[in-house]
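# Structural description and commentary
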Amino acid sequence: MALDITPAVLAYVPPDPPLEQFEPARDRAFFADPTKASLLSQASSIEALTPYIGTELKGVQVSQLTDAQKDELALLVAERGVVFFRDQDITLEQQHALAAHYGKQDRDPSQQDPRHVTILGHDFNIRAKDRNVAAYHGDHSFEVNPPSYTLLRMLRTPETGGDTIFTSQVALFDKLSPTFQKAFEGFFGIHSSEKYYLNSINGGGKPRRAPIITEHPLVRTHPVTHLKSLNYNPLFVTGVKGLNDRESFHTLNFLYDHLHSADDLTVRWKWTPDSIAFWDNRVVVHRAVPGGYEPSSREGKRTAIFGERPFFDPSISESWSERKERLKKEKLSIESNSEYAVKTNGHLENGTRLDEPELNFSKLNVV
Ligand SMILES: [Fe+2]
């Protein structure tokens, strides 16, 4: 695809220097009570929207969370990929403060206000352009430290349209064959902001930083859950390091197809005013579905924090299925020793079915 290097692009000088890699503060999910009792006991309803991704909490105002509950929410988000709330009373100032609890304020290159990104609506044909703004992505995954915990609060939404779809990258990895899993664990994806930069300037935007190209592992380890996830998105991943061009092209085509046939690993959120999605960009990709509504009727505020540089550590990582199998064996071992009772309360953890006893991944695995 030809890059749109216009006179406006050539004349533009971004105001900020490139970001330097840094080590973020310890993930707040490490500080959570693994049972999340403080947070979950406050909810009037805890609904797993799909088996693989997405939980809606009712009866909770995120503006009122204690620090302990905020940490438990981080763990729940890391495990479920995205957590939703409706009818929230949080103000923008409170949203900034909530983001600050989780770490250093992330700054998207297109972000003008240093504290948040304003998210708007779009009305175009999703098929008309490749790598458009509605393509699946992890928010600015090309950064050396891409964002982790991300909260979008929608102020205004159309009556219909403008939904956001989230897909689990943990489940996407898990559904690969063992052969592909092993092969992909050695790959690095090439993440580029070049097209994003050009589109921004040509659309009248003022990106704050020059475009960059960053290599990140195609399979990454979550620092808290230690689950393996794919680290792919079609908006920013432009190649696979070390492959011949045709190999890279077809590998990306496979990954594109794998992602776009993952209806079983996906949750679709219909926004209402003052609803919130809080997701972990390390383990989900998402897209806002454009078209069919008036773009000016949709506006939200997104806050995020910088995550760690993506890494893959096979010595501490498991796939979702491997985790499930191990926990089942450990549970059987525990039951056979009659040392503990395993409770059933209907609360879902990643990969745990509603009709199965509770298996708390993080409780048994966090180190
Ligand atoms: Fe996004």
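Here goes a summary of the coordinates provided. (Residues numbered from 1 in each chain as written. Predicted model: local features only at pLDDT ≥ 70, side-chain atom pairs only at ≥ 80, totals over all residues. Heavy atoms only, no water.)

### Looking at the coordination of the iron ion
Protein coordination of the iron ion is provided by His137 (NE2), Asp139 (OD) and His286 (NE2), with donor distances spanning 2.1 to 2.2 Å. Of note, the donors binding the iron ion are all from one chain and are spaced H-x1-D-x146-H. With His137 in the loop between β4 (117–120) and β5 (147–156) and His286 in strand β14 (residues 284–288), this pair connects stretches of sequence that are 149 residues apart. Neither residue differs from the other here; His137 and His286 are each classed as buried. (Donors = N, O, S within 2.8 Å, 3.2 Å for Na, K, Ca; no water. Helix = DSSP H or I, 4+ residues; strand = E, 2+ residues; numbered from the N terminus. Buried < 20%, exposed > 50% of the residue type's maximum accessible area, 1.4 Å probe, protein only.)

### Considerations on unusual backbone geometry
In terms of backbone geometry, most residues other than glycine have negative phi values and most peptide bonds are trans. With a phi close to 55°, Lys36 is a non-glycine residue in the positive phi region. Position of Lys36 among the secondary structure elements: in the loop between α1 (7–11) and α2 (37–40). Judged by relative accessible area, Lys36 falls into the buried class, the value being 0%. Backbone geometry at His140 places phi at a positive 25°, although glycine is not the residue there. Considering the arrangement of structural elements, one finds His140 in the loop between β4 and β5. What makes His140 buried here is its relative accessible area of 2%.

### Re the sheet that holds β14
Taking strand neighbours across the sheet as the criterion, the three strands line up as β12-β6-β14 in an open arrangement whose pairing is antiparallel. Of all the strands in the sheet, the pair left with one neighbour each is β12 (266–269) and β14. Going across the sheet, the axis of each strand differs from the next one's by a mean of 20°, ignoring polarity. The sheet contact formed by strand β6 (residues 164–168) and β14 spans five bridges and is antiparallel. Each bridged residue has a counterpart across the sheet, and for Ser168 the counterpart in β14 is Val284. (Pairing = 2+ DSSP bridges. Axes fitted to C-alpha atoms, helices over the stretch in contact; angles between N-to-C directions.)

### Regarding empty space enclosed by the protein
Overall, the coordinates contain five cavities of 30 Å³ or more when judged by the stated rule. A volume near 90 Å³ is recorded for the largest cavity. Within the lining of the largest cavity, the residues separate by chemical class into five nonpolar, seven polar and two charged. Lining the second largest cavity are Gln95, Leu98, Ala99, Tyr102, Tyr149, Thr150, Leu151, Phe278, Thr303, Ala304 and Ile305. The set of elements that each furnish at least two residues to the lining of the second largest cavity consists of α4 (92–102), β5 and β15 (299–306). By residue number, the principal contributor to the lining of the second largest cavity is α4, which donates four residues. In terms of residue class, the lining of the second largest cavity is made up of eight nonpolar, three polar and no charged. (1 Å grid on protein atoms, 1.4 Å probe; cavity = no way out; pocket = protein on both sides within 12 Å on 5 of 7 lines; lining within 4 Å. Points joined across faces, edges and corners; volume = space filled by probe spheres on them. Nonpolar A, V, L, I, M, F, W, Y, C, P; charged D, E, K, R; others polar.)

### Here's the deal with the side chain of His137
A relative accessible area of 10% means that His137 is categorised as buried. At a separation of 3.2 Å, a polar atom in the side chain of His137 contacts the side chain of Asp139. Ignoring sequence-local partners within four residues, the contact set of His137 consists of Asn233, Leu235, Phe236, Val285 and His286. (Polar contact = N/O pair within 3.5 Å; in protein donor to acceptor, adjacent residues only side chain to side chain. Contact = heavy atoms within 4.5 Å.)

### Regarding the nonpolar core
Counting 38 residues, the largest nonpolar core has Val82, Phe166 and Leu230 as the members making the most contacts within it. With four residues, the top contributor of residues to this core is helix α5 (residues 169–174). Dropping the residues within four chain positions of it, Leu230 is found in contact with Gln169, Leu172, Phe173, Leu176, Phe184, Leu218, Leu255 and His258. The next biggest cluster of nonpolar side chains, apart from the first, holds 26 residues, and it includes Leu39, Leu65, Val77 and Phe85. (Core = buried A, V, L, I, M, F, W, Y, C linked by side-chain atoms within 4.5 Å.)

### Here's the deal with the pairing of strand β7 (residues 188–192)
Relative to strand β8 (residues 213–217), β7 runs antiparallel, the two being bridged by five bridges. By the bridge assignment, Phe188 is partnered in β8 with Pro217. One ladder, built from three bridges, connects β7 with strand β11 (residues 237–240); its direction is antiparallel. Across the sheet, the residue bridging to Gly189 is Val240, located in β11.

### Notes on the sheet that holds β5
Strand pairing in a sheet takes place through backbone hydrogen bonds and is either antiparallel or parallel in direction. The strand order β1-β2-β3-β13-β5-β15-β4 describes an open sheet built from seven strands, whose pairing is mixed. One side of each edge strand has no neighbouring strand; the edge strands of this open sheet are β1 (45–48) and β4. The mean angle between the axes of side-by-side strands here comes to 20°, regardless of whether they run parallel or antiparallel. Pairing of β5 with β15 involves seven bridges; the strand directions are antiparallel. Within β15, the position partnered with Pro147 by the bridge is Phe306. Packed on one face of the sheet, helix α3 (residues 67–80) meets β1, β2 (55–58), β3 (82–85), β5 and β13 (275–280) and runs near 120° to β3.

### With respect to the pattern of salt bridges
All told, the structure shown has 24 salt bridges when counted by the stated rule. One salt bridge connects Lys301 with Glu299, and the closest N-O pair in it is separated by 3.5 Å. Of the two residues examined, Lys301 and Glu299, each falls in the buried class. Two residues, Glu335 and Lys331, come together in a salt bridge whose shortest N-O distance is 3.3 Å. Taken together, the residues span about one helical turn, with Glu335 and Lys331 both in helix α9 (residues 320–337) at a distance of four residues. Put simply, Asp27, Arg220, Asp280, Arg282 and Glu308 are held in one network by salt bridges that share partners. (Salt bridge = Lys/Arg side-chain N within 4 Å of Asp/Glu carboxyl O.)

### Re the layout of surface pockets
Taken as a whole, the largest pocket encloses approximately 1400 Å³ of empty space. The wall of the largest pocket is formed by 42 residues, among which Ser110, His122, Asn132, Val133 and Tyr196 lie closest to the centre. Of all the secondary structure elements, the ones that give two or more residues to the lining of the largest pocket are β4, α7 (194–202) and β14. The biggest single contributor to the lining of the largest pocket is α7, with six residues. Residue composition of the lining of the largest pocket, grouped by class: 15 nonpolar, 16 polar and 11 charged.

None of this, on its own, says anything about what the molecule does.
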